[in-house]
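Below, each chain spelled out in residue letters.
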Amino acid sequence: MAEEIKSLDELNAVVEGSAAPVAVETDAAPREPQRDALGRAYATGKRKDAVARVWIKPGSGKVVVNGKEMDKYFARPVLQMILRQPFQVAGVENEFDVMATVKGGGLSGQAGAVKHGISKALQVYEPSLRAALKAAGFLTRDSRVVERKKFGKRKARRSFQFSKR
């Protein structure tokens with residue numbers, strides 16, 4: 001700058017006198033709910049090697065995974081609890097029916113994938129639930145996967161047993 005500004009009055013004079021428009025930031029447009037012709041919201045959830053396609057719609061809280069009831073597919077109570085977490089955090093228990101198809105991974109990874117998909121679908125169906133789900137960390141994909149086996153090793157890091165003789 002050619003001239004130095006030493007007071008707020010001088011700064012105001014420079015700002016008011018400038019012909020350049022001052023950029024004013026406006027809030028982004030609020031998110032719109034996205035639903036298909038049947039009134040459902042869709043999202044994809046992932047965890048480890050499992051990928052879940054999840055549809056939610058208003059209902060009585062029935063969860064169907066790969067054509068089976070939740071308590072038949074995920075027999076362990078811990079896995080059923082994982083699936084219910086997004087609804088509890090959002091405060092909409094027993095208000096949505098869930099239909100999910102899951103492929104890959106084991107039961108624990110599949111439960112995590114369905115949970116991720118439910119969270120994303122809830123946020124798509126009702127954008128006002130995003131803050132609660134985001135604060136709980138349910139919208140973030142857990143990127144941890146199994147480390148690959150290395151050559152010259154027994155597993156990813158475990159070496160073969162050393163033999164002195």
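Here is a short report on the structure shown in this document. (Residues numbered from 1 in each chain as written. Predicted model: local features only at pLDDT ≥ 70, side-chain atom pairs only at ≥ 80, totals over all residues. Heavy atoms only, no water.)

1. Notes on the pattern of salt bridges
- Applying the stated criterion across every chain, the model contains six salt bridges.
- Among the ionic pairs, glutamate 126 bridges to arginine 35, the shortest N-O distance being 4.0 Å. Of the two residues, glutamate 126 is situated in the loop between helix H4 (107-125) and helix H5 (130-136) and arginine 35 in the loop between helix H1 (8-17) and strand E1 (41-47); the sequence distance between them amounts to 91 residues.
- Here glutamate 126 falls in the partly exposed class, since its relative accessible area comes to 31%. (Salt bridge = Lys/Arg side-chain N within 4 Å of Asp/Glu carboxyl O. Helix = DSSP H or I, 4+ residues; strand = E, 2+ residues; numbered from the N terminus. Buried < 20%, exposed > 50% of the residue type's maximum accessible area, 1.4 Å probe, protein only.)

2. Side note on the side chain of histidine 116
- Looking at the element boundaries, histidine 116 is found in helix H4.
- A residue is classified by how much of its surface remains accessible, and histidine 116, at 8% relative accessible area, is buried.
- Look past the residues within four positions of histidine 116 in its chain and what remains in contact with it is Thr44, Gly45, Lys46, Phe138, Leu139, Thr140 and Arg141. (Contact = heavy atoms within 4.5 Å.)

3. Let's talk about helix H3 (residues 77-90)
- Over its 14 residues, H3 runs 20 Å from end to end, which matches the ideal 20 Å to within 8%, given 1.5 Å per residue.
- Approximately 40° is the largest bend angle found in H3, and it occurs at arginine 84, with the proline proline 86 only one to four residues beyond.
- Contact partners of the buried residues in H3: strand E3 (63-65), helix H2 (70-73), strand E5 (96-103), H4 and H5.
- Among the residues trailing H3, glycine 91 stands out with phi positive, at a value near 75°. (Expected span 1.5 Å × (residues − 1). Bend = angle between axes of the 7 residues up to and from the residue.)

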